[in-house]
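Architecture at a glance
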Amino acid sequence: MKIVVQIAIVVMALIPGIPTFAQKLPAVQQVSLRAPTNVKTDGKATEWNNRFQAHNVATGIWYTVANDDDKLYFVIHAEDADIIHKMMRGCVTISINVSGKKDTKNAAVITFPTYAAVDAPNVSLNGRPKDIPDTTMLKLKTDTFMRKMNKRLTDKQKFIAVAGIKEITDTLISVYNDYDIEAKALLDEKLTYNYELAIPLKYLGLTVDKARKFSYNIRLNGIIPKTATLQTLSSGMILISDQGTTRVLDNTKRGLIMNYPNDFWGEYTLAKKQ
């Protein structure tokens, strides 16, 4: 899998940084943060004032980790169209290791949404409205486009994959589950993408009263299936083989960004109520 590592490095170099926020943000969140009292896991970042605690250029996302007395929250924001496509089709996996180790062994691992590659939502930003001088008409068309894409996303966001939580024996749970794990990811009116996940602290063995540092990993899985194998030809082309089918990897800049997984680790300590 040496080629995966090499291409992953190239992908990190290709992802554009978008200076949306005026403040200089760290690549990994440095502070503990209480979640807003009006927090909702609805795929919108409005209660977070559309501002985030870190900008991880390597993965092309902005994000915030926060907590209240009951839950741990992850809010991830993407603006680049290729990163958005990667998150929508390849999904996002968040791992939490309460031992503080930066590995996924014995970690709680949650992937949302989860579906077979052939069942991914038919969603693309390529057809988004643009170059319309009439700003009112542009806003109207953009809103219509957003609603159409969000419906397609919602129709496919049916399941959450869960591993490493002893109280949950099912590896696949509904988004309408009895465990109070919440997840939602939608486009907003600017056609940027907001991903939200809320996990009850009790499943992680964490409490605010006895807060301790733990590690988390945010992984953009990429569109290449996990079961696929890669082969590099003398011509430089890369073949992807999976379940009896073979295709040529799109090794353009866009293809590299979207196809390959990349991730990062961070550390967090629960914030107590002031």
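Residue numbering note: each chain is counted from 1, following its sequence as written. Reporting in this predicted model follows two pLDDT cut-offs: at least 70 for local features of residues, and 80 or more for side-chain atom pairs to be given and counted; totals over whole chains, interfaces and linings ignore these cut-offs and use all residues. Side-chain numbers come from the whole structure's heavy atoms, not from hydrogens or water.

**A look at helix H3 (residues 135-156)**
One full turn of an α-helix is made of 3.6 residues, so residues set three or four places apart face in the same direction. Strands are runs of DSSP state E lasting at least two residues, helices are runs of H or I lasting at least four, and both sets are numbered from the N terminus onward. Given the number of residues in a helix, its expected span is that number minus one, multiplied by 1.5 Å. Spanning 22 residues, H3 covers 32 Å between terminal C-alpha atoms, matching the ideal 32 Å at 1.5 Å per step. Burial classes follow relative accessibility: with a 1.4 Å probe on protein chains only, a residue under 20% of its type's maximum area counts as buried, one over 50% as exposed, and anything between as partly exposed. By the burial criterion, the buried members of H3 are Thr142, Phe145, Met146, Met149, Asn150 and Leu153. For H3, the buried positions fall inside an angular range of 135 degrees around the axis, keeping them on one side. Residues Thr136, Leu140, Arg147 and Lys151 are exposed on H3 and point more than 90 degrees away from its buried face. Here the buried face of H3 lies against helix H2 (81-90), strand E8 (182-187) and strand E9 (193-200). Between the side-chain oxygen at the start of H3 and the backbone nitrogen of Thr136 there is a gap of 3.0 Å, and the oxygen is on Asp134. Taking the helix axis as origin, the arc is that swept by the directions to the C-beta atoms. Any pair of residues with heavy atoms lying within 4.5 Å of one another is described as a contacting pair. Pairing of N or O atoms within 3.5 Å defines a polar contact, subject to two protein rules: one partner must be a possible hydrogen donor and the other a possible acceptor, and residues neighboring in sequence count only if both atoms are side-chain atoms.

**As for the pattern of salt bridges**
In the sections that follow, a salt bridge refers to a side-chain nitrogen of Lys or Arg positioned within 4 Å of a carboxyl oxygen of Asp or Glu. Summed over all chains, the structure comprises seven salt bridges. When the shortest N-O distance is used, the salt bridge between Asp180 and Lys71 registers 3.1 Å. Here Lys71 lies in strand E3 (residues 71-78) and Asp180 lies in the loop between strand E7 (172-174) and E8, a separation of 109 residues in the sequence. Taking relative accessible area as the criterion, Asp180 reaches 40% and is therefore assigned partly exposed. What makes Lys71 buried here is its relative accessible area of 9%. Of the charged contacts in the structure, one is a salt bridge between Lys213 and Glu267, with a shortest N-O distance of 3.8 Å. With a gap of 54 residues between them, Lys213 in the loop between E9 and strand E10 (214-220) and Glu267 in strand E14 (residues 262-268) connect regions that are remote in the sequence. Ionic contacts of the salt-bridge type, sharing partners, join the residues Lys71, Asp180 and Glu182 into one network.

**With respect to the sheet that holds E8**
At least two DSSP bridges between two strands are needed for those strands to be called paired. Strand order in the open sheet formed by five strands is E1-E2-E3-E9-E8, and the pairing between neighbours is antiparallel. Every interior strand has two partners, whereas the edge strands, strand E1 (54-56) and E8, have only one. The mean angle between the axes of side-by-side strands here comes to 20 degrees, regardless of whether they run parallel or antiparallel. As paired elements, E8 and E9 share six bridges and run antiparallel to each other. By the bridge assignment for E9, Leu187 is matched with Tyr193. Only the contacting stretch of a helix is used when fitting its axis, a line to C-alpha atoms as for every element, and angles between N-to-C directions run 0 to 180 degrees. Here H3 sits on the sheet in contact with E8 and E9, set at roughly 150 degrees to E8.

**Quick word on the sheet that holds E14**
A sheet is described by the order of its strands in space; here six strands give the open sequence E7-E6-E5-E4-E10-E14, paired in antiparallel fashion. The sheet is open, and its two edges are formed by E7 and E14, each paired on a single side. Averaged over all pairs of adjacent strands, the angle between strand axes in this sheet comes to 20 degrees, irrespective of strand direction. With respect to the sheet, H2 is in contact with strand E4 (92-97), E10 and E14, its orientation differing from that of E10 by roughly 100 degrees.

**Quick look at the packing of aromatic side chains**
Here is the rule: rings of Phe, Tyr and Trp (six-membered ring for Trp) pair when centre to centre is within 6.5 Å. Planes less than 30 degrees apart are stacked, more than 60 are edge-to-face, and the remainder are tilted. Using the criterion set out here, one finds six aromatic pairs in the structure. For the ring pair Tyr179 and Tyr203, a centre distance of 6.3 Å and an interplane angle of 75 degrees mean the geometry is edge-to-face. Of this pair, Tyr179 sits in the loop between E7 and E8 while Tyr203 is found in the loop between E9 and E10, placing the two residues 24 residues apart along the sequence. Given the relative accessible area of 22%, Tyr179 is considered partly exposed. Members of the aromatic cluster, connected to one another through ring pairs, are Tyr63, Phe74, Tyr216 and Phe264.

**A short note on the nonpolar core**
In globular proteins that are soluble, nonpolar side chains generally tend to be buried together. Nonpolar core, defined: a set of buried Ala, Val, Leu, Ile, Met, Phe, Trp, Tyr and Cys residues in which side-chain atoms within 4.5 Å join the residues together. Leu72, Phe74, Met87 and Ile218 are the most contacted members of the largest nonpolar core, which totals 54 residues. Among the elements that make up this core, the one with the highest residue count is H2 (five residues). Setting aside residues up to four positions removed in sequence, Met87 forms contacts with Ile61, Ile76, Ala78, Val92, Tyr193, Tyr195 and Leu220.

**A closer look at the environment of Thr207**
Locating Thr207 in the fold gives a position in the loop between E9 and E10. On a C-alpha basis, the gap between Thr207 and Leu270 in space is 7.7 Å, while along the polypeptide they are 63 residues apart. There is a polar contact of 3.3 Å between the side chain of Thr207 and the backbone nitrogen of Lys210.

Fair warning: the whole summary comes from geometry, so function is off the table for now.
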